[in-house]
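Inside the fold
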Amino acid sequence: MTQGLPRRAMLAGAAASLAACAAPGPDGTADFTHLNIAARRDIPYGDHPSQRLDVYPAALPRLGPAPAPRPALVFFHGGFWQFGSRCEAMVETLCSHLAARGITSIAAGYRLYPETNHAGILEDAAGAVAWATRHGHEHGAARGEVVAAGWSAGGWMGAMLQVRPQLVHQALGVAESDRHPLSGFVGVAGPYGHWPTRYPLLFSLFEGTTREERTPNAFVTANLPPSLLVQGMLDAIVWPPNAIHFAEDLRQAGNPAQLRRYPLRDHMTVMPGMGILPGSLSLVDDIEGFVKGPVTRRA
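These lines cover the structure that appears in this document, whether it is placed above or below. Note that this is a predicted model, so its numbers are computed, not measured.

Rules and cut-offs
Residues numbered from 1 in each chain as written. Predicted model: local features only at pLDDT ≥ 70, side-chain atom pairs only at ≥ 80, totals over all residues. Heavy atoms only, no water. Helix = DSSP H or I, 4+ residues; strand = E, 2+ residues; numbered from the N terminus. Buried < 20%, exposed > 50% of the residue type's maximum accessible area, 1.4 Å probe, protein only. Contact = heavy atoms within 4.5 Å. Areas by Shrake-Rupley, 256 points an atom, 1.4 Å probe, with all protein chains shown as cover. Expected span 1.5 Å × (residues − 1). Polar contact = N/O pair within 3.5 Å; in protein donor to acceptor, adjacent residues only side chain to side chain. Axes fitted to C-alpha atoms, helices over the stretch in contact; angles between N-to-C directions. Parallel < 35°, antiparallel > 145°, perpendicular 65-115°, else oblique. Nonpolar A, V, L, I, M, F, W, Y, C, P; charged D, E, K, R; others polar. Core = buried A, V, L, I, M, F, W, Y, C linked by side-chain atoms within 4.5 Å. Pairing = 2+ DSSP bridges.

Right, let's talk about the overall build of the protein chain for a bit. Secondary structure assignment for the protein chain yields seven helices and nine strands. The 299 residues of the protein chain split such that 58% are buried. Of the contacts formed within the protein chain by residues at least 6 apart in sequence, a portion of 74% connects residues at least 24 apart. Carbon and sulfur atoms provide 54% of the accessible area of the protein chain, an area that totals close to 12,400 Å².

Before going further, it helps to spend a moment on helix α3 (residues 118-135). Along its 18 residues, α3 runs 26 Å from first to last C-alpha, staying within 8% of the 26 Å computed at 1.5 Å per residue. For α3, a buried count of 14 out of 18 residues is recorded, marking the element as mostly surrounded by other parts of the structure. Capping of α3 at its N-terminal end is provided by Asn117; its side-chain oxygen lies 3.1 Å from the backbone amide nitrogen of Ala119.

As a further point, take the packing of α3 against helix α4 (residues 153-163). For any two helices packed against each other, the geometry comes down to the angle between their axes and how far apart the axes lie. The N-to-C vectors of α3 and α4 enclose an angle of 70°; their axes lie 10 Å apart at closest approach. Relative to α4, the element α3 lies roughly perpendicular. Where α3 approaches α4, its residues His118, Ile121, Leu122, Ala125, Ala126 and Val129 are matched on the opposing element by Trp156, Met157, Met160 and Leu161. Of the residues contributing to the contact of α3 with α4, the split by class is nine nonpolar, one polar and no charged.

Let us look at the nonpolar core. Leu53, Val74, Phe76, Trp81, Val129 and Leu161 are the most contacted members of the largest nonpolar core, which has 41 residues in total. Mapped onto this core, the elements with two or more residues apiece are β3 (52-56), β4 (72-76), β5 (105-108), α3, β6 (146-151), α4 and α5 (166-172). Counting residues per element, this core draws most heavily on α3, at nine residues. Once residues within four sequence positions are removed from consideration, Val129 is found in contact with Val74, Phe76, Val146, Ala148, Leu161, Val168 and Leu182. By size, the runner-up hydrophobic cluster in this structure holds 31 residues, among which are Ile37, Leu94, Val186 and Ala189.

A separate point is the pairing of β6. Judged by how many residues are buried, β6 sits mostly within the fold: six of six residues are covered. By the alternation rule, side chains of β6 split into Val146, Ala148 and Gly150 and Val147, Ala149 and Trp151, which are all buried. Bridge count for β4 against β6 is five bridges, and the pairing is parallel. If you follow Leu73 over to β6, its bridge partner there is Val147. By the bridge criterion, five bridges tie β6 to strand β7 (residues 184-188) in an arrangement that is parallel. From the neighbouring strand, Ala149 faces β7, where its bridge partner is Val186.

Written out as structure tokens, the structure reads:
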């Protein structure tokens, strides 16, 4: 354990930081031939080298009419806000499988600590969502419809955009309005409660904030878009009560919130890509049902 940070999380982050995006072809695409998906890589949404995203466009059915476009899903990777990559195998697996099922998926990179702090990270998250709002329809998504999603630290980022819509309004350069800029939110093993300051390594990341200012639960109001919270019940890094209590807070405010508990999954295996495990695509199934169900009906 390093400064209170679990050894397992450090190892996971180190592995993630070594991940590299699949080499793009001469036209800027990367092939997922087994799924008939060509991901377009390294699209900038800002000037910083980390402000890049990969788009996995929705696949069209080989037979029959094309369905109505679905909202785009913007996914933020995890890594304690300090490491990780949009090119991790489990992120690529999730996005490519969702695209194969007709959901345009966008893996977004962002600046990491110590290059920036929590405010800069949220600014990048909002910038990626703003890009998807403006350009998602160019890649097969419904015009202007976006679901924010993320795993671990990325789940916290998506949750903050869900409960603080003004962050996305600012990135879009529009005045705040009654219309929420998101169509929905998917959080996977996100730290929504007191967790972000449990480890001394994170103190300076959130320096100058109160518990309320860094906690999505504290910003919950009525009239939020639908949420899907997914939690591995064996998670010893981000404890299950984070998702359970956040779902309760959302529902008590009158917001639709689904909670999926995976009994035999932990912080890592809640994500897809662990092919040796039965039901390794459970998350893909749940997100597909969420986007094509309550999110699309709301849109």
